[in-house]
Amino acid sequence: MQHEIVSREEWMAARKALFEKERAMTHALDALRAERRGLPWVKVAKDYVFEGPDGPRTLGDLFGDRSQLAVYHFMLTPGSEHICPGCSYTMDHTDAARQHFEQADLAFAAVSRAPVAQIEAVKARMGWTFPWVSSGGGDFNYDFCVSFTAEEREAGTARYNYGLTQIQRSPDMFGVSVFAKNDAGEIFHSYSTYHRGTELLMGAMNWLDLAPKGRNEAGGTMSWVRLHDEY
């Protein structure tokens, strides 16, 4: 992109015009976030059990002593050597971020269908410390619309991102789900987002968006992203 070179006064006028648009967008986002927080909840009726390095963990256990839980649905398929670069890019932000949001009554865990040994190997390679458990052969991934059976994919009924995308090949996709727990120990599903909705978690994107080249995606969306030990 060729940029016009102007005087400081001309730049300031253009910058202030954009600033007004940024302010309007910020206020619109504030309203959207408030609407998100006001969504109705669904009571979680199933007793989901996961496998962690220290043994079985229920969904309630993942909360620890907090009343809110954010789950990242990490694409890690049993037996596959593929480590999703996008999921990894997102999770590179998590250990730094959670030391703050865990002080604000929000717990975090990643969940994948892969077995614990496979998860632990990836976690060790990447240097991550956040909780990451296996949903194994249970219903959790399927119930929260990030995993799809071979039959669903073959029949064309594997729908992702609230029906916008038909999944044909990948048995696992990615997303975020948020849960809340009341004083009686009942658990509720409050929110899920998929696909570009997870950009909310990618702090590096916000930095890149400030620079002239932006996300530098000449080769396609996130085409430059690698596992952080492959750059």
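As for the overall build of the protein
Item 1. Helices and strands together make up the secondary structure of the protein, namely 7 helices and 10 strands.
Item 2. Along the first, second and third principal axes, the C-alpha atoms of the protein reach 65 × 40 × 40 Å.
Item 3. For the protein, the residues scored as buried account for 36% of the 231 residues in total.
Item 4. Counted over contacts in the protein with a minimum sequence separation of 6, partners at least 24 positions apart contribute 62%.
Item 5. A total of about 13,900 Å² of accessible surface is found on the protein, and carbon and sulfur atoms cover 55% of it.
Item 6. Between the mean site of the 24 positive side-chain charges and the mean site of the 31 negative ones, the protein shows a separation of 5 Å.

Some details on unusual backbone geometry
Item 1. Residues other than glycine seldom take positive phi values, yet Y162 does so here, at roughly 55°.
Item 2. With respect to the element layout, Y162 can be found in the loop between β7 (159–160) and β8 (165–166).
Item 3. Not every positive phi belongs to a glycine, and M222 is a case in point at roughly 55°.

Details of the nonpolar core
Item 1. Counting residues in each nonpolar core, the largest one holds 29 residues, and the members touching the most others are Y72, F74, W128 and W132.
Item 2. Only β4 (68–73), α2 (85–91), β5 (106–112) and α4 (116–126) provide two or more residues apiece to this core.
Item 3. What Y72 contacts, discounting residues up to four positions off in sequence, is C87, T90, M91, F108, A109, A110, V111, F174, G175, V176, T198 and L201.
Item 4. Formed by 16 residues, the second largest nonpolar core is a distinct cluster that contains V44, F63, L69 and F179.

Rules used throughout
- Residues numbered from 1 in each chain as written.
- Predicted model: local features only at pLDDT ≥ 70, side-chain atom pairs only at ≥ 80, totals over all residues.
- Heavy atoms only, no water.
- Helix = DSSP H or I, 4+ residues; strand = E, 2+ residues; numbered from the N terminus.
- Buried < 20%, exposed > 50% of the residue type's maximum accessible area, 1.4 Å probe, protein only.
- Contact = heavy atoms within 4.5 Å.
- Areas by Shrake-Rupley, 256 points an atom, 1.4 Å probe, with all protein chains shown as cover.
- Lys, Arg positive; Asp, Glu negative; His and termini not counted.
- Charge placed at Lys NZ, Arg CZ, Asp CG, Glu CD.
- Core = buried A, V, L, I, M, F, W, Y, C linked by side-chain atoms within 4.5 Å.

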